[in-house]
Amino acid sequence: MRLSQVSGRNNPSRFAGNSVLLISFCLALVLIAPGLLRAEIIPPEKHLGFQPGQDFKLANWRQITGYFRLLDETSDRVKVVELGQTTLGRPLLLAIITAEKNMPELEKYRKIQERLHDPRGLSPEEKARLIKEGKAIVYISCSIHSTEIAASQMSMELAYRLASDNSPEIKNILNQVILLLVPSANPDGIDLVTDWYYRNLGTPFEASPMPWLYHYYTGHDNNRDWFMLTQKETRLMARVLYREWFPLLVYDVHQMGSNGPRLFLPPYQDPINPNLDPLLLRELYQLTGEAVISLTRTGKTGVATNTIFDGWYNTANRAAPLRHNALGVLSEAASVNLASPIFLRPSDIRVSGAGNNLQSTNLEPWPGGWWRLRDIVEYEQIVALSFLKTISEKKERYLENYCLFAQRQVNKGQNEPPYAYLIPEDQNDLPTALKLVEVIQQNGAEVHQAVKAFKVGGLEYPPGTYVVLLAQPFRAFVKDLLESKAYPLPPGRDPAQYLPYDEASWTLPLQMGVRAIEVKEKFEANLKLLPPVKLPDSRIAGRGQYFIVDSSSNHSVILANRLLKNRLPASFLDRQITAGHKTYRAGSLVIDRSRVDLARLNSLARGLGLEIEAVDSVKPARIQPLKEYRLAIYQPWTASTDEGWTRWVLEQFEFDFRVVHNAEIRAGQLERNYTHLILPSLAARTILEGRRQGEVPPEYAGGIGTEGLSALNSFVQNGGVLVAVENSADFAIQYFGLPLKNIIEPRRQSRSESEATGPSSDRVRVYSPGSILKVVVDGSRPEAYGYDREAAIFSYFSPVFELTKTEGPVTARVQNLAWYPAYNPLLSGILLNGEKLQHKSAAVACELGKGKVVLLGFDVIHRAQAHGSFKFLFNPIIYR
């Protein structure tokens, strides 16, 4: 009906009556307008043009973000927040999903959760009120490993279900829960993987591995960055987890190999880290038990628990939350070929891990057949909804226990040793010590600083000492990060067959070369809570002719690189001296005031936290000029994680370098363009042969080949420096004819690897599955400048060298840089047969022709955690 027909234009009495109707209509319109003005909430298949999980179809990041922004526009239950930019500049999204009535009060509920996460000073009455008023904060993270792509597709369906479903079950979830949903923790990888898949779909290479990392720097290790927080993505998400929202559940959704169970859920298998609260694990296992029941009730088979994935390590997004009083849950679904289905016979199905029998952990095995991306989407969505339903039905219990977990940590810190860790300011490398403090703070833990001197254990510590008290909610995180570990090999396990899921140890002060003191007795001190630590500017003291910077600090390398880039003259000491007010190690930078004035040096050293002293003389040392270098790093077409980490670390310390591939090495004449070449940790066969023909598109097949071998030999003979890191040492030993052998038997060795690296019958079996070991260092060698007599290194079945007898003339002169002591070198983790390492070399330099081959037989970078061994990589480049 048109308004003109009811306007009563010619009938005043009708006008009055109709005007009342019109006013009532307008009032009703105002009340319901938001709902009417909102567009229809459409399912993802209507937006994408296909159902998430459909065979041969993948949504890229533009499509996924487009759908979530559409939900934000059309649903009062969804709010999309852009956390920041990814490594390659894409938006990292967080979708907040809850009931309409909760949306205006998100900050109120966030503050309630923040208060419950730290119960210190919280009265029982206030706690009860907050538990009653609060909402359960749940965090679901999808597809951090981008080839495990199903979860990113599933996230759209899960969000649509919560945004559109008005069933009592969903309404209760929305009323009681605030869901923080990350559609992908690695958006860059989503696009890299989908582009690669569509490029090869329908070709013989449809299932071929991608030739580059799916995270620009870290690849698969982006899920090993959850305490170091080196990458943009992990820093952004850790802020949400540990400094803003404090979720009580963190569900990390993954995929695994194709031939195991269809889905893994906790319980985690032994060993369980003793820093984890048993009560927290009991609640976690109840929650996952409900999810297993939900899967079984819907006919989903092949669900395994208590296998493959242990409860020991700390670096993943399901593990770090367990140290922050959150239920850290991992699910791992069997993979397909991205979106291409696979067919499995029953005999194809097995379980990996610590020798577990599939039948003992999987009560209803999957019978085999076709397995599709859609199957994974359905399994993962059932689990997510089960978690949300269970928590929503017992919201107050989960909030009460979340607060209780924190209180139990505070109580332990008050009543059980250790009571604190001390980080003195008097360090060999203060900027690195401050980096350790920053890592602790970025993970939400508290650090204090001494206002006055205090005594502990009969020793006095000065004002300024950093004090990490254990009586705090995140005690488990702090203790697990800072303590030395003894990895408990489960009883009856054969070390030849059994490995930790990831690594045996990660003790950060040892890896970083930072002195941290464990306090096992109660003490009193005048402390202040430290705000977020900032690296100070460098300090320059003295009036002498020569500015001198000790080589002990990694940041001295940044200053050296800045001097070289600005073509400013600088030198270094060839031996240790005492000058001014301290002793300076060999390798310390020397800058002549007449060549670089104070103002320019201040500018170059800004933000580095260095102590620079101007002294009158540097005698009796001779100073050697810093020389420009031209650095390259070899990048194979096999997506090397170590190569990616090495690139990242080199960039942080301001090295200029180029990436070289097989073709450039095969072309030869490397010495014309480069002075240094780094081989990241790679098997000899990978370097030489790469991917097989027919496995990947032709342009990514093969390795450096015999032409590359010749080119590398020519590079070294003509003055180049080749740095072979960890497993690449086998390649250098074999193909450069070095008078050395690696005495360590590989962890696993296929026939082809045996042919490439030589027989292992004369090698010894040393069990070091990610342990931290002590080495003795010759700090007089340029490759080891800046070190004291001892250092800590990270060993994952890493090479160990000894000299061999050679027939005929020896063309390489070997210099020992670091070696294992005459006693047990274990600092943290586990080491079996460690006596076989005594006096053997961990790092050597081999002079060959006019050049040099440097073998570093350990993980010199180790996920950017091992700051204490970085100089072994930096020094051969800087000092020559």
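Residues numbered from 1 in each chain as written. Predicted model: local features only at pLDDT ≥ 70, side-chain atom pairs only at ≥ 80, totals over all residues. Heavy atoms only, no water.

Q: In this structure, what is going on with the overall build of the chain? I would like to understand it.
A: Of the regular secondary structure elements, the chain holds 25 helices and 39 strands. C-alpha extents for the chain along the principal axes are approximately 115 × 65 × 60 Å. Here the chain holds 880 residues, and 59% of them are scored as buried. Put simply, 79% of the contacts in the chain that link residues at least 6 apart link residues at least 24 apart. With an accessible surface of roughly 34,900 Å², the chain has 50% of that area assigned to carbon and sulfur atoms. (Helix = DSSP H or I, 4+ residues; strand = E, 2+ residues; numbered from the N terminus. Buried < 20%, exposed > 50% of the residue type's maximum accessible area, 1.4 Å probe, protein only. Contact = heavy atoms within 4.5 Å. Areas by Shrake-Rupley, 256 points an atom, 1.4 Å probe, with all protein chains shown as cover.)

Q: Looking at this structure, how should I read the environment of F309?
A: Inspection of the secondary structure assignment puts F309 in the loop between β8 (303–305) and β9 (310–311). For the pair F309 and Y498, spaced 189 residues apart in sequence, the C-alpha to C-alpha distance is 12 Å. When residues no more than four places from it in sequence are discounted, the contact partners of F309 are M256, F264, Y268, Q269, R318, L330, E332 and Y501.

Q: Explain unusual backbone geometry to me, please; I cannot follow it from the model alone.
A: Trans is the prevailing form of peptide bonds, just as negative phi is the prevailing case for residues other than glycine. Looking along the chain, the bond that leaves P266 and enters P267 is cis, with omega of 25°. Phi at A639 is positive, roughly 55°, even though this residue is not glycine. The topology assignment puts A639 in the loop between β28 (631–634) and α19 (641–652). Residue class for A639 comes out partly exposed when judged on its relative accessible area of 25%. Positive phi outside glycine occurs at A864, with the angle close to 60°. Mapped onto the elements of the fold, A864 is located in the loop between β39 (851–856) and α25 (870–878).

Q: It is not clear to me how the pattern of salt bridges should be interpreted in this structure. Could you clarify?
A: A side chain with one charge can pair with a side chain of the opposite charge if their charged atoms come near. Overall, the coordinates contain 52 salt bridges when judged by the stated rule. Linking R90 and D191 is a salt bridge whose minimum nitrogen-to-oxygen distance equals 2.7 Å. Taken together, the residues R90 in the loop between β1 (78–85) and β2 (91–97) and D191 in helix α8 (residues 187–200) connect sequence positions 101 residues apart. Residue classification places D191 among the buried positions, given a relative accessible area of 13%. (Salt bridge = Lys/Arg side-chain N within 4 Å of Asp/Glu carboxyl O.)

Q: Is there a simple way to think about the nonpolar core in this case?
A: Side chains of a nonpolar character, in soluble globular proteins, are inclined to be buried together. Judged by nonpolar contacts, the single largest core of 164 residues is most densely connected at I140, L162, L181 and I440. Among the elements that line this core, the one with the most residues is helix α12 (residues 373–393), at 11 residues. Ignoring anything within four residues of it in the chain, the contact list for I140 reads L158, L179, L180, L181, V182, Y251, V253 and A384. Counting 70 residues, the second-largest nonpolar core is a separate cluster that includes F572, W645, A784 and Y820. (Core = buried A, V, L, I, M, F, W, Y, C linked by side-chain atoms within 4.5 Å.)

Q: How should the sheet that holds strand β4 (residues 177–182) be read in this particular structure?
A: Hydrogen bonding along the main chain pairs the strands of a sheet, whether they run parallel or antiparallel. Taken in spatial order, the eight strands line up as β1-β2-β4-β3-β5-β10-β6-β8 in an open sheet, and their pairing is mixed. Since the sheet does not close on itself, it has two edges, and those belong to β1 and β8, each with one partner. Adjacent strand axes in the sheet meet at a mean angle of 20° when their direction is disregarded. Sheet analysis places strand β6 (residues 263–265) next to β8, joined by three bridges and oriented parallel. Looking at the pairing, L263 lines up with V303 of β8. (Pairing = 2+ DSSP bridges. Axes fitted to C-alpha atoms, helices over the stretch in contact; angles between N-to-C directions.)

Q: I'm lost on the side chain of E157 in this one. Help?
A: Relative to the helices and strands, E157 resides in helix α6 (residues 150–164). Within the structure, the side chain of E157 is placed 2.8 Å from the side chain of Q381, a separation counted as a polar contact. Beyond its immediate stretch of four places on either side in the chain, E157 contacts P44, Q51, P52, R374, V377 and Q381. (Polar contact = N/O pair within 3.5 Å; in protein donor to acceptor, adjacent residues only side chain to side chain.)

Q: Explain the packing of aromatic side chains to me, please; I cannot follow it from the model alone.
A: Counted under the stated rule, the structure contains 34 aromatic pairs. Ring centres 4.8 Å apart and planes at 70° place the aromatic pair F572 and Y879 in the edge-to-face group. With a gap of 307 residues between them, F572 in strand β22 (residues 571–573) and Y879 in the segment after α25 connect regions that are remote in the sequence. Judged by its relative accessible area of 4%, F572 falls in the buried class. On the basis of relative accessible area, Y879 is assigned to the buried category, the value being 6%. Taken together, F264, Y268, F309, Y313 and Y501 form an aromatic cluster joined through their ring pairs. (Phe/Tyr/Trp six-rings, centres within 6.5 Å; stacked < 30°, edge-to-face > 60°.)

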